[in-house]
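Each chain, written out:
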Amino acid sequence: MRVLEIASEAVPFAKTGGLADVAGALPDALAGLGCDVSLVMPAYGEVFSKGLPIEPTGIEFEVPIGARAELARILRCRRPGSRADVYLVANDSFYDRPTLYGGSRDYPDNAERYIFFSRAAVELACRLGGRWDILHCHDWQTGLVPAYQKLLYGSHPAVASSRTVMTIHNMAYQGLFWHWDMLLTGLDWRYFNWRQMEFYSQLNLLKTGIVFADSVSTVSPTYAREIQSAPGGCGLEGLLSSRSNVLTGIVNGIDTAIWDPAADPHLPRPYGSDDFDAGKYAARVALAARLGRAAPDSRPLVAFVGRLVEQKGIELVLEVLGHMAGEGRAHFVILGTGGQEYERLLQRAAATFPGTVDLVLGFDEGLAHLVQAAADITLVPSRFEPCGLTQLYAQRYGSIPVVRATGGLVDTVVDATPETLREGTATGFVFEGFDAAGLDSALSRGIEAHADKPVWNSLVRNVMRQDWSWRTSGREYMRLFARAAASPATPVE
Ligand code: ADP
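Residues numbered from 1 in each chain as written. Predicted model: local features only at pLDDT ≥ 70, side-chain atom pairs only at ≥ 80, totals over all residues. Heavy atoms only, no water.

**Q** So what about the overall build of the protein? Which residues, and what values?
**A** Counting its secondary structure elements, the protein contains 18 helices and 18 strands. Relative to the compact-globule value of 23 Å for 493 residues, the protein shows a C-alpha radius of gyration of 23 Å, a close match. Each of the 493 residues in the protein was classed as buried or not, and the buried ones make up 59%. By sequence separation, contacts in the protein at least 24 residues apart represent 72% of the contacts at least 6 residues apart. Total accessible area on the protein stands at roughly 18900 Å², and carbon and sulfur atoms take up 53% of it. The protein carries 45 positive and 55 negative side-chain charges, and their two centres are separated by 3 Å. (Helix = DSSP H or I, 4+ residues; strand = E, 2+ residues; numbered from the N terminus. Rg over C-alpha atoms; globule rule 2.2 N^0.38 Å. Buried < 20%, exposed > 50% of the residue type's maximum accessible area, 1.4 Å probe, protein only. Contact = heavy atoms within 4.5 Å. Areas by Shrake-Rupley, 256 points an atom, 1.4 Å probe, with all protein chains shown as cover. Lys, Arg positive; Asp, Glu negative; His and termini not counted. Charge placed at Lys NZ, Arg CZ, Asp CG, Glu CD.)

**Q** Residue-level account of the sheet that holds strand S10 (residues 202-204), with values.
**A** Spatially, S8-S10-S9 is the arrangement adopted by the three strands of the open sheet, whose pairing is antiparallel. Both edges of this open sheet fall to strand S8 (176-177) and strand S9 (198-199), since each of them pairs with a single strand only. Where S8 lies against S10, two bridges are found, and the strand directions are antiparallel. The residue of S10 that forms the bridge with Phe177 is Leu203. Contacts from helix H6 (residues 205-212) reach S8, S9 and S10 within the one sheet, and its direction differs from that of S10 by about 50 degrees. (Pairing = 2+ DSSP bridges. Axes fitted to C-alpha atoms, helices over the stretch in contact; angles between N-to-C directions.)

**Q** Let's hear about the sheet that holds strand S11 (residues 215-218): which residues, and what values?
**A** Picture the strands of a sheet paired through backbone hydrogen bonds; they go either parallel or antiparallel. The sheet built from nine strands is open, its strands ordered S3-S4-S5-S2-S1-S6-S7-S11-S12 with mixed pairing. Each edge of the open sheet is held by one strand with a lone partner, namely strand S3 (54-65) and strand S12 (247-249). For this sheet, the mean inter-axis angle between neighbouring strands, taken without regard to orientation, is 25 degrees. Strand direction decides the pairing type here: strand S2 (residues 36-42) and strand S5 (residues 85-90), joined by five bridges, are parallel. When the bridges of S5 are listed, Pro42 appears paired with Val89. Running over the sheet, helix H1 (residues 18-32) touches strand S1 (2-6), S2 and strand S6 (134-138) and is turned about 160 degrees from S2.

**Q** Account for the packing of aromatic side chains, with residues named and values stated.
**A** In this structure the tally under the stated criterion is 17 aromatic pairs. Where Tyr101 meets Tyr114, the ring centres are 6.0 Å apart and the plane angle is 55 degrees; that geometry is what we call tilted. Note that Tyr101 is positioned in the loop between helix H2 (92-95) and helix H3 (110-128) and Tyr114 in helix H3, a separation of 13 residues in sequence. Exposure remark for Tyr101: the relative accessible area of 16% places this residue in the buried category. (Phe/Tyr/Trp six-rings, centres within 6.5 Å; stacked < 30°, edge-to-face > 60°.)

Any functional reading would require information that these geometric values do not contain.
Below, the structure is given as structure tokens:
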């Protein structure tokens, strides 16, 4: 099986969220299962500052963007210990910028940037030669790939018989652009209709991917069901249910080499499920120092690590902070970056409850590891959550997740009840409705359980022993690819 992974971000090259974790780890997981796999992503300015062995390939070609053409220079990175080649598409005017997609507002030429990237990825697949079984696309940035493969490159021997798989990491980001950007795609206007590329007069790149791909997947079985109806489908629920015969959900794995409390360079003292007490205490001492405190707090440490956006349920966190922090029942540590209003409100909470609410605004990978190691409880009260990685990292680091029952959180956290605790299957505390009362009650159950040392310790041991490695998910992707490769291609209407 020869697979080209196509994504707009991947660790260790560039990351804004969970997509980068997945696109960074999946290639090696697939290679470990005998797959011949490469990854292609844009060569953002920041990829050159990471000390990675990036070299020129000598491959370069022009990519038509509407009436003009832009040059794509292809670089390659072969990392020691990795069996997957990473190809980087360089074009400095598109990708040498301070952030990946823009700041508080998206870059105005994001349509061009990813039309260019998608077409360059298919062109590269052709130029690398051989025959690709699967072109695996991730999110709206690669949504044109299935359309290009079918409509423009259908007779090229490298990709003519390829099957395209479109993986959706988040329905809330669809790549919507004004209709004139259709001209930049080089595709015929007749595809700009409500059944293919148009969405209420706009060009929709994720929709394009879902329509033209041979197979569609998303990052958990529950989310695969949720997106087939409103509001989960974000307007594409009808299309997704019409494609339910080729739609599957595969829970993300985690990179157990990067997220391993027993060998994590960001932690002061590595630990496993048998000696977590000492390791987590050392992490708390180190975290206290980072936060400018002399000694760690003796109360349960409740953490939140994530993007400060509406999806993540920040308003529930703020409401619960309002009274729980007032009562002083726990010490809260929040690490995040995102919406200015959320940042302001959290700053206010931190100022109101000094010593009880600690806030770090910014993106800090090392600190994210340290916080998870130090935490007793990690909050993931999302409004919706396609898969969620934070709760999986929390489990591996022995922090018990408190989550809302939505999307991948349903598939990865088993609520602690007297029965599940007795059976040893409990892995967190779950609440149903999106309201502060639900979060409050689940978090209170967690804090109460924390007071019962034997119960808590066996819960921590249990979550640390969960296997969320890519082994299982990688096999599921292999099965999906095999099914797609053996099925007829989706006909173009
Ligand atoms: P999403 O992809 O929606 O952002 P996930 O839970 O799938 O959510 O993945 C989030 C990833 O981003 C995790 O690896 C998490 O540790 C990381 N992350 C989020 N915010 C920060 C931050 N401020 N600093 C460091 N890492 C962060």
